[in-house]
Each structure stands twice: as C-alpha cells, then as structure tokens.
Amino acid sequence: MVGIHTVVRSRRKASTVAVMGAATALLTLAGCGGQGSSANGSYGFPEAKQEASSTITVWVDADRQAAAKAFQTANPDTKIKVVTYDGSANGSNSFRTKVQLFDRAGDGWPDVVFSSQNNDAAWASQKTAGKHAFAAVLDKGLVPKDTLSNFTDGSLNPCTVEGRVYCLRNDLAQAVLWYNKSLLEQFGYALPTTWEEYQALGEKVAKEHPGYIVGTAGDAWTPEVFMWGSKCQANDVTGPKSVTVKTDSTECKRAASMLDTLRDNGTVPVVSVFTPEFLKKYTGKVLMMPGPAWYAGAIFNNPQSLDVRAGQLGVAAPLPWRGESEAATGNVGGGTWFVSSHSKNLKAAEKFVQFVTTADDYQVDVAPGYPAYAPAAQKWVAKQEASKYYATPLEPVVTAASRVWDGWGYPTFSQEAIWAKTITPGVTGGKSIVDLLPTWQTAIENQAKVNGYQVK
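If you're wondering where the values come from, they're calculated on a predicted model, not measured in any experiment.

Visitor: Help me understand the packing of helix α2 (residues 65-74) against helix α12 (residues 346-358), please; the structure alone is not making it clear to me.
Guide: Two quantities define a packed helix pair, namely the angle between the axes and the distance from one axis to the other. The interhelical angle for the contact between α2 and α12, taken along N-to-C directions, is 115°, at an axis separation of 10 Å. Accordingly, the angle class assigned to the pair α2 and α12 is roughly perpendicular. For the crossing formed where α2 meets α12, the hand is right-handed. For the pair formed by α2 and α12, the contact residues are A67, A68, A70, F71 and A74 on the first element and K351, F352, F355 and V356 on the second. Tallied by class, residues from the contact of α2 with α12 come to eight nonpolar, no polar and one charged.

Visitor: What exactly am I supposed to notice about the sheet that holds strand β13 (residues 288-292) here?
Guide: In a beta sheet, neighbouring strands pair by backbone hydrogen bonds and run either parallel or antiparallel. Here we have three strands laid out as an open sheet, ordered β13-β10-β14, and antiparallel in their pairing. Both edges of this open sheet fall to β13 and β14 (313-316), since each of them pairs with a single strand only. Across the sheet, the axes of successive neighbouring strands diverge by a mean angle of 35°, strand direction being ignored.

Visitor: Honestly, the state of the cysteines in this entry has me stumped. Any pointers?
Guide: Where two cysteines share a covalent bond between their sulfur atoms, that bond is called a disulfide. Under the counting rule described, the total for this entry stands at two disulfides. Across the disulfide, C159 is cross-linked to C167 (sulfur-sulfur distance 2.0 Å). Taking the sign of the S-S torsion, about -100° here, the bridge from C159 to C167 comes out left-handed. Here C159 and C167 have matching classes, each one buried. Disulfide pairing is shown between C232 and C252; the S-S distance is 2.0 Å. Between C232 and C252 the sulfur-sulfur dihedral comes to about 90°; the bridge is accordingly right-handed. With C232 in the loop between α8 (222-227) and β11 (236-239) and C252 in helix α9 (residues 250-264), the pair connects residues that are 20 residues apart, well separated along the chain. Assessed through its relative accessible area of 0%, C232 is described here as buried.

Scoring rules and cut-offs
Residues numbered from 1 in each chain as written. Predicted model: local features only at pLDDT ≥ 70, side-chain atom pairs only at ≥ 80, totals over all residues. Heavy atoms only, no water. Axes fitted to C-alpha atoms, helices over the stretch in contact; angles between N-to-C directions. Helix = DSSP H or I, 4+ residues; strand = E, 2+ residues; numbered from the N terminus. Parallel < 35°, antiparallel > 145°, perpendicular 65-115°, else oblique. Left-handed = near helix turned anticlockwise from the far one by under 90°. Contact = heavy atoms within 4.5 Å. Nonpolar A, V, L, I, M, F, W, Y, C, P; charged D, E, K, R; others polar. Pairing = 2+ DSSP bridges. Disulfide = S-S within 2.5 Å. Buried < 20%, exposed > 50% of the residue type's maximum accessible area, 1.4 Å probe, protein only.

Below, the structure written as structure tokens:
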C-alpha cells in the first residue's frame, strides 16, 4: 500500500491573493521581451516564436521521474527531454540559480520545471536581469479555467501573485493529527478536540506513561505545524515586497508555551523524526503526532521508520484553540510545476503540467502524495482507504486540505531555515521557545530585509 507521502498545501480561499513580491502581468509586458518573443503575448506575457513540433525540456526531481514516465506513456507523440535535478530540495535554491544563469546567457531555459518549494513564484513571476519573468502566466488562457477551478480551495495560493497564477500545485501537505488508535484505547484516553486538551493529555501521558510521546519539535518545519496552525503572525506577506512579523502575539505565545510545557515533560522531544535517535527511543511509543499528510507514508507506514502495523494508525482533523469556531492548520512542503514563458512549445508544456497535476494515470495510480487537484484527491483517498491500512477514515485529511491558514505567506526566504538557525539551537541549549520569540522576530526581520522586504 502506498502511504500518504510527500509534500504541500496552502491558503484558505482561492480568491485570496498570495502576494509574494512579484511583478504583475502588466509590468511583465512592459519589460524586455527577450530574443524572438512577442511583446504582447495573448496569454499575458511575451511569447517566444512557437515551434509546435519542438521537443520540450522538463526538469524533475528523482521522485517526479514517475510523473514524466506516466506522461510519456499516455502521450507518445509529444517529444520531451527529461532532466533530473534536486528540485531545489532543502532550500538549495538551485532552480532560481540556474534560471539566473540562463537569463544572463539569454538562452537555455527549460520548458517545464518541478520544484519541491512553495515560494518560487515569489521570484519566478518577476522580471530579472533584463529578461521578462521566467514563469508563464497560466490563468489568462494557457490553462483552462475549468482545470484551475478544480484545484482544492486555496491550493493555488502559493502560485498566485497579485491575482495571477504562475504555477500548478502537485500535492498538498496539510497538517493533521495522527494518532495510534490502539494505544489510545489501551491507555483509556479520549482523543483531544482542542489544543488545550492536547496539552492536558500530554501532561497526563508524562505522568502515567513516561517515555511515550504526543509529538515532536525537532525538525525545521516545527513552526509550520504548531505556529502556523495557531495563526501566529510571523510570516504574513501583505504586499509585493512587504511582510508583517509579530511574534509577540497571543497566537504565537500560546503555541510556544504549549511546546515548552510538553518539551519539558518529554512528551514533545526536540528530536528530528528522521534520525536514528528518534527511531531508537520512540518506535512503538508514538501516541499522537501533529504533522503533515505525508507523515503517514514517510514515517508510520514505512518499514525503515516507525513501521506501524495496519489497523493502528488513525487521523483526526486539525485541532482548534478553545473558543475558535473552526480550526486552522499549517502546511509542510508540497510541489509546484512551472511552465517557462520562454518556451517555444507552450501547447506541449501546458499539456504536460496539466497531465501531471490532474490525470489519474499519475496522481491517482502512481503519485504517493495527496493530490492538489480535488477530483484526483477524492479518488486517491478512496484508493488509500481500500488498502485497509488505516484504523479510521481519511476524511480529516480532506477537511484539513482547505483549512490551511492564509495569514502565513510565501516570501522568497525560508522560515524553516530561520527556525533551524535561531530557535532549534536555543531550545536544545535549554532555553524556552517563549523566551526565544524576540530572537525569532529579529531573525525573520533581518532575513526579510536582506531579501528586499519592508517589514511592518
């Protein structure tokens, strides 16, 4: 059985503009058209002279080679050249670096690019080095409106810059509450329905079942699970080059305080889930774990990780804080597909990105992660449930997909990198997250300014 595995998700309303620092389509048209391009392309960007029979070059990471293979099988008459690269994994920024080189050379751009990051539209939608934006505008006729409208509510927000869509989401990584149903019943515990109840249960577990855990806080995406889900305004991108950072809010402090309490009693250790230490200490002792959809396949249903047996793993919807009518959640990763505005075969490039994001041949039959395209997601969930691995229905995963809070934006800089450099060392050194919030604030502000953002 293929578990829920891989990365992504985004904001609450599709109409919400994910402003991440970019030129508008009008600014693009006013910029340099590049060699052999039309100054007024019909799709909202300068278009290169089209060659309908030309081969398109597609960049994918190792995991997305299956997507390219599925496309080739279904479309043998479309000529593609597949190039494997790191997908900008772990913030390598290789996608942007390579495009900058091509911009300077005035040639060499690929036709389609997959990125494992959610913030590439922030730069790919802007004119750079005298060349118009790398990313093609997709919502002015290049991709059908019916296709765009069928993506999960809010899932295209990381791709949307000042009202224009520049990429398509591959999969979503909405955070949910994973739990071991068998252990919960064995210990006689009720599933928490709020974060306050979650904390109370963690305190109870520490006393009654020491050594068991209810989560982890040792990975760089910890803020995306707990702070984002608490509506902490640490990463609110409010304009093309403006961001609001407010880590002293009640929303930030409540999540930080909860993590401090549970870290101190050992039920939320500061240990990465991908370390030998984690497996040695906590295999068979994970009672609950808030985390992204892909935890199911990457951690729980993985013989090389926790290897939880079939019939034990349950999932609950994101938890609200007391007094909130509806829970918000965060997002940990995902994937995005870009069509190059420099492509000489836009028809084939669009055909490719539409196939790999929407077609059952890949998203349902092959893809390991929760599809961003809603019709495919429904079928994918049905396939997962049919495996009989899960102890509960997967409807909470579906619910969480449209509850990712839209107050956490997608700037060009990485919040994970900032957290890893500032908070994690402090916490492992014995400091509290609450006390480190001002340090986090300063680090975010400094990184934002380095990237040209006005901080409010």
